[in-house]
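Below, each chain spelled out in residue letters.
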Amino acid sequence: MKISVQIAMVLNLDKCIGCHTCSIPCKNVWTNRPGAEYMWFNNVECKPGIGYPKQWEDQERHRGGWELENGHLRLKAGGKVHKALNIFHNPDLPTIDDYYEPWDYDYQRLIDSPRRRHQPSVRPRSQLTGEPMDPKWGPNWEDDLAGLAETGSGDPNFSGLEKDAYLQFRDVFMFWLPRLCEHCLNPACVASCPSGALYKRAEDGIVLVDQERCRGWRYCVSGCPYKKVYFNWQTGRAEKCILCYPRLEAGLPTLCAHSCVGRIRYLGVLLYDAEHVSEAAATPDPRQIYPAHLDLLLDPRDANVQKAARSQGIAENVLAAARHSPVHALIKEWRLALPLHPEFRTLPMVWYVPPLSPVASRVASGETVDALDQLRIPVAYLANLLTAGDEPPVRLALKRLGAMREFMRVRRVEGRDAPKPLDAVGLDPETVEKIYRLLALAPLAERFVLPTAPVADDGIYRRQGACGYGDAV
Amino acid sequence: MDLAYTLVFTVFPYLCLTAFVLGHACRYITDRYGWTARSSEFLEKKSLWAGSTLFHWGIIFTFFGHAGGLLIPQRVFDLFGIRADAHMTVAYWSGLAVGVAAFIGILLLAWRRLVQPRVRVVTTVNDAVTVGALIVVIGLGLYNVLFGHYNVLYTLAPWIRGIVTFTPDPTLMREVPLSYKLHVTAAWALLGFSPFSRLVHIWSVPIYYLLRRPIVMRRLVQG
């Protein structure tokens, strides 16, 4: 057993209000440079919708991620020989219009304009060419379901659902999906990089682009099924979410997580069995990838795991953080958090608690077996998003959230414990109190349990301001 | 006259080769961050396909054709029963094919740089010089194939081998036609300029990718 460490994130979609506060500090700190204007290492998508870049989830179009060929994992975009033959023109590369053409406004006009009868106006100008432009697409263009009637049918998560019904105003549903790099266990971007510039850090599993080794072949951009590696059109190299590693190393949460006003994000350590990663990613049935993914995660309280981890040189503070990991509890112990599109076979490490939703006005005719089927957000849609279409794990998570609410409501309102709803979902009052605390009350130190990195380089002050993106200083 | 030949066909090639070697070393040490092809496919993809594919495959085979035809002496070919006229015939037709591909390709790429507003924005003076030099060198080469009809195997080829083996003999270039002289001189200049341009991406051809494991792990703290 080879034990590896991964910093993972869980986002509680049940609490996301779509305020985009997470995107702002990320943008301000990491991607407010020339060539990076269009990049959002963290963005918040409104679902249903086709997202950013357009239809990123549709791998028949974008050909990202992995597929199985005779039981073996293979990049969906083709193997090494295919890449070598197409290296002068990557057929699967999205262009900037699939994201959006970045624009700015000529604010100086407001100041320079001479006194006139009418107020001066500012026109949008392309940040690519500097020419005036008429924005027709942008980040969050679909926010609050804007334009859903036009774009909604392009959302692949409607597979198996009568999407036309859900695109009617009466039955429409909506929730937000904040997205960032998944820092996958089996990252397709890393496997796609001809230069070997992308790598996964052994200490914390963060996937990074070595900016001095990137030669701009662009296969990582098309290879990532989440489209979270970006191409800087000025410098000609790839950039991606770095999970704010300079902050994580100091024990601080990422900017997106720290700034979240809804406190929906959790960060912590997971221990996993690195030897069986490709095996789990190559699980034949896409619906069995999520269970195989769970099986990779090791119990940090298990004495054998701890012993093996120590013998493999994993630091004591990392093991301590793993034992108190909020993400391990949400993912593995309570089964509340689910991976995003496990069928891409990259074993993503940013997990999502599915959202509850109001009861729909259109209550299904006849008697419904399951109250969950009356929720506005169809379970099948969430299952397509989070479990490759397998509904039972989504139902379990939603039922547990519902049972917790019912239990806590009775306790608060009636002053008594009614464990009946808990029995049906396999929870006990003690566990529910823990879940309730973590999801509703937990302060910063409980939501983010991060070990600091060992200080190995005493030249750190000397290098201050001298590293990072070369053009940013 | 001798001095001119020495300057143009001995001193100048070595100057360019020196710039080539030292330039690459210097660029790699000081500017690894800028060592990239600076692809513009992300900004404009449709008109790139034909030009990029034609140019790259054309120029790669042109390179191997030059290396095989010029650096290997004719007497080696004679050992294998390939006579000089057969060699020249093969060189003519293969050179014509790949040369035309490369030339059309670079013209398409140059045209794209001029007419696509987004691509024009990311085009630097350096890029313009690079594309211009490539057009000149490839154009002269193609002119020689089409209209030169000159056997280079016993004059130009030995001269190149002399440069490479550090036994230069500029007198070999005496009877070589002007268009060939211009072609080689422009090519040396391009070679000397290449380390300072985006052409450095040639050295990053990802051969190791074919051998390495798919997932790369790196350890921050050694030990």
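Residues numbered from 1 in each chain as written. Chains lettered and ligands numbered in written order. Predicted model: local features only at pLDDT ≥ 70, side-chain atom pairs only at ≥ 80, totals over all residues. Heavy atoms only, no water.

### Things to note about the overall build of chain B
- Each helix and strand in chain B was counted, giving 8 helices and 1 strand.
- The order of α-helices and β-strands along chain B, N terminus first, is α-α-α-α-α-α-α-α-β.
- Principal axes of the C-alpha set define a box for chain B whose edges measure 55 × 50 × 40 Å.
- The proportion of buried residues among the 223 residues of chain B is 43%.
- Residue pairs at least 24 apart in sequence account for 82% of intrachain contacts in chain B once pairs closer than 6 positions are excluded.
- Total accessible area on chain B is roughly 12200 Å²; 75% of this is exposed by carbon and sulfur atoms.
- The average position of the 19 basic charges and that of the 9 acidic charges among the side chains of chain B differ by 15 Å. (Helix = DSSP H or I, 4+ residues; strand = E, 2+ residues; numbered from the N terminus. Buried < 20%, exposed > 50% of the residue type's maximum accessible area, 1.4 Å probe, protein only. Contact = heavy atoms within 4.5 Å. Areas by Shrake-Rupley, 256 points an atom, 1.4 Å probe, with all protein chains shown as cover. Lys, Arg positive; Asp, Glu negative; His and termini not counted. Charge placed at Lys NZ, Arg CZ, Asp CG, Glu CD.)

### Some thoughts on the overall build of chain A
- In terms of regular secondary structure, chain A is built from 21 helices and 14 strands.
- Rg of the C-alpha trace for chain A: 23 Å, near the compact-globule value of 23 Å for 473 residues, within the 12% margin.
- Oriented by its inertia axes, the alpha-carbon framework of chain A measures out at about 70 × 60 × 50 Å.
- For chain A, the residues scored as buried account for 59% of the 473 residues in total.
- The contacts in chain A between residues at least 6 apart in sequence include a share of 71% that link residues at least 24 apart.
- Taken as a whole, chain A presents about 20000 Å² of accessible surface, with 52% of it coming from carbon and sulfur.
- Separation between the mean location of the 58 positive side-chain charges and that of the 58 negative ones in chain A comes to 3 Å. (Rg over C-alpha atoms; globule rule 2.2 N^0.38 Å.)

### Considering helix 6 (residues 125-148) of chain B
All names here are of chain B.
- An ideal rise of 1.5 Å per residue puts 34 Å on 24 residues; helix 6 measures up with 32 Å between its terminal C-alpha atoms.
- If you follow the buried residues of helix 6, they end up packed against helix 2 (48-71), helix 4 (84-115) and helix 8 (178-193).
- Where helix 6 terminates, the next one or two residues include His149, which has phi positive at roughly 45°. (Expected span 1.5 Å × (residues − 1).)

### Some details on the packing of helix 14 (residues 303-311) of chain A against helix 15 (residues 316-323) of chain A
Residue and element names in this part refer to chain A.
- Axis separation between helix 14 and helix 15 bottoms out at 10 Å; the angle between their running directions is 155°. The pairing of helix 14 with helix 15 is recorded here as roughly antiparallel in orientation. The handedness of the crossing between helix 14 and helix 15 comes out as right-handed. Between helix 14, through Gln306, Ala309 and Arg310, and helix 15, the contact on the second element is made entirely by Glu316, Leu319 and Arg323. (Axes fitted to C-alpha atoms, helices over the stretch in contact; angles between N-to-C directions. Parallel < 35°, antiparallel > 145°, perpendicular 65-115°, else oblique. Left-handed = near helix turned anticlockwise from the far one by under 90°.)

### A few points about the sheet that holds strand 8 (residues 198-201) of chain A
- Spatial strand order, 9(A)-8(A)-1(B): 3 strands in an open sheet with mixed pairing. Looking at the sheet topology across the chains shown, the edges are occupied by strand 9 (207-209) of chain A together with strand 1 (217-218) of chain B.
- Across 2 bridges, the pairing between strand 8 of chain A and strand 1 of chain B is parallel. Bridging from a neighbouring strand, Arg201 of chain A pairs with Arg218 of chain B of strand 1 of chain B. (Pairing = 2+ DSSP bridges.)

### A word on the interface of chain B and chain A
- Every contact between the two is made by 40 residues of chain B and, on the other side, 59 residues of chain A.
- Our enumeration of links across chain B and chain A arrives at 5 salt bridges.
- At the surface where chain B touches chain A, the tally comes to 25 residue pairs in polar contact (both at pLDDT 80 or more).
- Elements represented by at least two residues in the side of chain B that touches chain A include exactly helix 2, helix 5 (117-121) and strand 1 of chain B.
- Split into classes, the residues belonging to the side of chain B that touches chain A amount to 24 nonpolar, 8 polar and 8 charged. (Salt bridge = Lys/Arg side-chain N within 4 Å of Asp/Glu carboxyl O. Polar contact = N/O pair within 3.5 Å; in protein donor to acceptor, adjacent residues only side chain to side chain. Nonpolar A, V, L, I, M, F, W, Y, C, P; charged D, E, K, R; others polar.)

### Some words on the confidence of the model for chain B
- Model confidence for chain B is summarised by a mean pLDDT of 94, while 98% of its residues fall at 70 or above.
- Ranking the elements of chain B by mean pLDDT puts strand 1 of chain B last, at 90, and helix 8 of chain B first, at 97. (pLDDT = per-residue confidence, 0-100.)

### Brief notes about the nonpolar core
- Core analysis: the biggest nonpolar cluster contains 152 residues, and Met9, Val10, Tyr38, Leu271, Leu330 and Ile331 of chain A have the highest contact counts within it.
- Grouped together as the second largest cluster of nonpolar side chains are 17 residues, Phe9, Tyr14, Leu156 and Tyr180 of chain B included. (Core = buried A, V, L, I, M, F, W, Y, C linked by side-chain atoms within 4.5 Å.)

### Thoughts on the sheet that holds strand 12 (residues 265-273) of chain A
All names here are of chain A.
- Taken in spatial order, the 4 strands line up as 12-1-14-13 in an open sheet, and their pairing is mixed. This sheet does not close on itself; its edge strands, each paired only once, are strand 12 and strand 13 (338-339).
- Here 2 bridges tie strand 13 to strand 14 (residues 350-353), and the two strands are oriented antiparallel to one another. Bridge pairing in strand 14 places Pro339 opposite Trp351.

### Regarding the side chain of Gln211 of chain A
All names here are of chain A.
- Mapped onto the secondary structure, Gln211 falls in the loop between strand 9 and helix 9 (219-223).
- The class for Gln211 is buried, based on a relative accessible area of 10%.
- In terms of polar contacts, Gln211 uses its side chain to reach the backbone carbonyl oxygen of Ala238, at 2.8 Å.

### Side note on a nonpolar patch on the surface
Residue and element names in this part refer to chain B.
- Taken together, the side chains of Leu3, Leu7, Val8, Val11 and Leu15 define a hydrophobic patch exposed on the protein surface, amounting to about 440 Å² of accessible area.
- Mapped onto the fold, Leu15 is located in helix 1 (residues 2-30).
- Residue classification places Leu15 among the exposed positions, given a relative accessible area of 54%. (Patch = residues over 30% accessible without salt bridge, like charges linked within 9 Å, V, L, I, M, F, W, Y side chains within 5 Å.)

### What to know about the pattern of salt bridges
Residues and elements named next belong to chain A.
- In this structure the tally under the stated criterion is 35 salt bridges over all chains.
- Of the charged contacts in the structure, one is a salt bridge between Lys47 and Asp155, with a shortest N-O distance of 3.7 Å. Remark: Asp155 occurs in the loop between helix 6 (148-151) and helix 7 (163-166) and Lys47 occurs in strand 2 (residues 43-47); sequence separation between them is 108 residues.
- Lys47 sits in the buried class, given a relative accessible area of 0%.
- Overall, Asp155 belongs to the buried group, its relative accessible area being 1%.
- One continuous salt-bridge network, built from bridges that share partners, spans Glu60, Glu67, Glu69, Arg74 and Lys76.

### Brief notes about the packing of aromatic side chains
All names here are of chain A.
- For the coordinates displayed, the defined rule picks out 33 aromatic pairs over all chains.
- Note on Tyr226 and Phe344: the rings are 5.3 Å apart at their centroids and 65° apart in plane angle, and the pair reads as edge-to-face. A residue pair is termed long-range when its members are at least 10 positions apart, and Tyr226 in the loop between helix 9 and strand 10 (229-232) and Phe344 in the loop between strand 13 and strand 14 qualify at 118 residues. Of the two residues, Tyr226 and Phe344, neither departs from the other in class, the shared state being buried. (Phe/Tyr/Trp six-rings, centres within 6.5 Å; stacked < 30°, edge-to-face > 60°.)

### A few points about unusual backbone geometry
Residue and element names in this part refer to chain A.
- At the junction of Lys47 and Pro48, the peptide bond is cis and its omega measures out at 0° in the coordinates.
- Note on placement: Pro48 falls in the loop between strand 2 and helix 2 (59-62).
- Note that the residue after Tyr52, namely Pro53, is joined by a cis bond; omega there is -5°.
- Relative to the helices and strands, Pro53 resides in the loop between strand 2 and helix 2.
- The phi torsion at Arg335 lies on the positive side, around 55°, for a residue other than glycine.
- Following the sequence through the fold, Arg335 ends up in the loop between helix 16 (326-333) and strand 13.

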